[in-house]
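Each chain, written out:
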Amino acid sequence: MTFTSVILLTFLTLLPADGSTTDTITYQKVVTCTGVEKQVLESSLKEAVYNLYDSNALKIVSDKIQISVDIKIINSLVGKVGSPAGVLDFTIDIEVKDEKFRYTAYDFYFTPMTRNRYAKFELEKEKTEPVIEEKFKGRKTLLKKITRQSEEYLDRLNSELRAEVVKEKDKKIEW
């Protein structure tokens, strides 16, 4: 089986209700699975998603698998050790066709974390904001951390989905 990946990291221009333009982050990746039928691909992806996420984060809408994801953004001091900067929430849609699937990550929202008076980190839910390049002009390092860590998360998800598709295809061949 051959996998070919195409990454489209785009900053799309969207028009809000007031007519102004904003730049929001959207990740899209197409994975080609040569020789895998749509039914096998769809069932193996659903099984993989059910194994990776809890049922509250999943929603299956017609031909789409929709996942609500939240990841911690870390201020790394040395290597991977550090304090949390906040939580990034976003949505992933997975669509399946014959011999390929596509996942799209969109609606990125960042909620910062601060220490309370007991020195524990807690979310500042009233400060949740969409990840728009214009709003992060003064916080370029935070925007870089958000994009880097979300890309790493999506790359891990891609490899896990690939492994599940290969495992499921091998199961269908053996009899």
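See above for the structure.
Numbering of residues starts from 1 in every chain and runs along the sequence as written. This being a predicted model, a pLDDT of at least 70 is required before a residue's local features are given, and a value of 80 or more before pairs of side-chain atoms are given or counted; all residues contribute to the totals for chains, interfaces and linings. Remark: hydrogens and water are excluded; side-chain values derive from all non-hydrogen atoms of the structure.

1. A word on the overall build of the protein chain
Scanning the protein chain from terminus to terminus reveals two helices and eight strands. The numbering of helices and of strands both runs from the N terminus, where a helix is a DSSP run of H or I of at least 4 residues and a strand a run of E of at least 2. Along its sequence from the N terminus, the protein chain presents helices and strands in the succession β-β-α-β-β-β-β-β-β-α. Among the 175 residues that make up the protein chain, the fraction classed as buried is 37%. Pairs of residues are marked as contacts when any of their non-hydrogen atoms sit within 4.5 Å. Considering only contacts in the protein chain between residues 6 or more positions apart, those separated by 24 or more positions represent 54%. Burial classification: accessible surface area is computed with a 1.4 Å probe over protein chains only, and a residue below 20% of its type maximum counts as buried, one above 50% as exposed, and the rest as partly exposed.

2. Looking at the packing of aromatic side chains
For Phe, Tyr and Trp, rings pair up if their centres lie within 6.5 Å, where Trp contributes its six-membered ring, and each pair is then called stacked (planes under 30 degrees apart), edge-to-face (over 60) or tilted (otherwise). Applying the stated rule across the entire model yields three aromatic pairs. Centre to centre, the rings of Y27 and F108 are 5.5 Å apart; their planes meet at 75 degrees, and the pair counts as edge-to-face. Note that Y27 is positioned in strand β2 (residues 22-33) and F108 in strand β6 (residues 100-115), a separation of 81 residues in sequence. In terms of burial, Y27 and F108 fall into one category: buried. Ring-pair connections join several aromatic residues into one group, and the members of that group are Y27, F90, F108 and Y153.

3. As for the side chain of D93
Counting through the fold element by element, D93 comes out in strand β5 (residues 81-97). Taking relative accessible area as the criterion, D93 reaches 7% and is therefore assigned buried. Here a polar contact is recorded for every N or O atom pair within 3.5 Å, except that within protein the pair must consist of a potential hydrogen donor and a potential acceptor, and residues adjacent in sequence are included only if both atoms are side-chain atoms. Within polar-contact distance, the side chain of D93 engages the side chain of Q66 at 3.2 Å. Here Y106 takes part through its side chain, which lies 3.0 Å from a polar atom of the side chain of D93. For D93, the residues in contact, after removing those within four places along its chain, are K64, I65, Q66, R102, Y103, T104 and Y106.

4. A look at the pattern of salt bridges
We define a salt bridge as a side-chain nitrogen of Lys or Arg found within 4 Å of a carboxyl oxygen belonging to Asp or Glu. Enumeration over the complete set of coordinates arrives at eight salt bridges. For the salt bridge of R102 with E95, the shortest nitrogen-to-oxygen distance reads 2.5 Å. Overall, the relative accessible area of 32% leaves R102 in the partly exposed class. Here E95 falls in the partly exposed class, since its relative accessible area comes to 26%. Between E152 and R148 there is a salt bridge, with its nearest N and O atoms 3.9 Å apart. Here R148 and E152 lie together in helix α2 (residues 140-173), a separation of four residues that amounts to about one turn. When its relative accessible area of 39% is taken as the criterion, R148 is described as partly exposed.

All quantities given are derived from atomic positions and should not be read as evidence of function.
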